[in-house]
Amino acid sequence: MKFNIYADPGHAWCKVPRSLLVKYGIADKVSSYSYQRGDSVYLEEDCDLGLLITTLRAWGKKVEFKEFHTNKSSKIRSYSSYKGV
């Protein structure tokens, strides 16, 4: 499974479809430090992304990332905090 990581000078987030969190039973475990916009969730790098990786690997999935970086504050910071399903 391939995901995009978006990073700014202070933090990074992994964009995933909300349906993926529901499918693997972790939608209610993601913290409010992650963000949401439309059907996408931007998992914060410290805990929530680790939860996703651990869960997917437990299901036998290979996880790959492509990273995008900006030197200014990411627009992701302006999205709504994650509130679950």
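Everything below is about the structure printed above this text.
Numbering of residues starts from 1 in each chain and follows the order in which that chain's sequence is written. In view of the model being predicted, local features appear only for residues whose pLDDT reaches at least 70, and side-chain atom pairs are presented and counted only at 80 or more, with totals across whole chains, interfaces and linings using the full set of residues. With hydrogens and water set aside, each side-chain value is computed from the structure's full complement of heavy atoms.

**Q** So what exactly am I meant to see when it comes to the nonpolar core here?
**A** Across soluble globular proteins, nonpolar side chains show a tendency to be buried alongside one another. What is meant by a nonpolar core is a set of buried Ala, Val, Leu, Ile, Met, Phe, Trp, Tyr and Cys residues, joined one to another through side-chain atoms within 4.5 Å. Summary of the burial criterion: residues with accessible area below 20% of their type's maximum are buried, those above 50% are exposed, and those between are partly exposed, where the area comes from a 1.4 Å probe applied to protein chains only. Core analysis: the largest hydrophobic core is formed by 20 residues, its most contacted members being F3, V16, L21, L43 and L52. Secondary-structure elements contributing two or more residues to this core are strand 1 (2–7), strand 2 (12–17), helix 1 (18–23), strand 4 (40–44) and helix 2 (48–58). When residues of this core are assigned to their parent elements, the largest contribution, four residues, is made by helix 2. Leaving out residues up to four positions away in the same chain, L21 has contacts with V16, I26, A27, V30, V41, L43, L52 and Y82. One finds Y35, Y42, I76 and Y79 within the second-largest nonpolar core, a separate group that totals five residues. Secondary structure elements follow DSSP: runs of H or I no shorter than four residues count as helices, runs of E no shorter than two count as strands, and numbering proceeds from the N terminus. Note on contacts: a residue pair qualifies if any of its non-hydrogen atoms lie within 4.5 Å across the two residues.

**Q** What should I look at first to understand the pattern of salt bridges in this one?
**A** Close approach of charged atoms lets side chains of opposite charge pair. We count a salt bridge whenever a side-chain nitrogen from Lys or Arg sits within 4 Å of a carboxyl oxygen from Asp or Glu. All told, the structure shown has three salt bridges when counted by the stated rule. Put simply, R77 and D8 hold a salt bridge, and the shortest N to O gap is 2.7 Å. Of this pair, R77 sits in the loop between strand 5 (64–69) and strand 6 (80–81) while D8 sits in the loop between strand 1 and strand 2, and the two are 69 residues apart along the sequence. Judged by relative accessible area, which is 36%, R77 ranks as partly exposed. By relative accessible area, which is 5% here, D8 ends up buried. Measuring nitrogen to oxygen at the nearest pair gives 3.7 Å for the salt bridge that ties K62 to E64. Note on E64: relative accessible area 32%, which makes it partly exposed.

**Q** For this particular structure, what's the right way to read the pairing of strand 5?
**A** Taken across its six residues, strand 5 has zero buried, putting it largely on the surface. Here, strands pair whenever DSSP counts at least two bridges between them. Judged from the six bridges that link them, strand 1 and strand 5 form a sheet pairing that is parallel. Considered in strand 5, the bridge of N4 is made with K66.

**Q** Sorry, what's going on with the packing of aromatic side chains here?
**A** Geometrically, a pair of aromatic rings is defined through the distance of the ring centres and the angle of the planes. Any two rings among Phe, Tyr and Trp, with Trp reduced to its six-membered ring, count as a pair given centres within 6.5 Å; such a pair is stacked if its planes are under 30 degrees apart, edge-to-face if over 60, and tilted if neither. Counting across every chain of the model gives five aromatic pairs. For the ring pair W13 and Y35, a centre distance of 6.2 Å and an interplane angle of 70° mean the geometry is edge-to-face. Within this pair, whereas W13 is found in strand 2, its partner Y35 is found in strand 3 (residues 35–37), the two being separated by 22 residues in sequence. Both residues of the pair, W13 and Y35, count as buried. Between Y42 and Y79, the ring centres sit 5.3 Å apart and the planes meet at 55°, which makes this aromatic pair tilted. Note that Y42 is positioned in strand 4 and Y79 in the loop between strand 5 and strand 6, a separation of 37 residues in sequence. Pair check on accessibility: Y42 and Y79 agree, each one buried.

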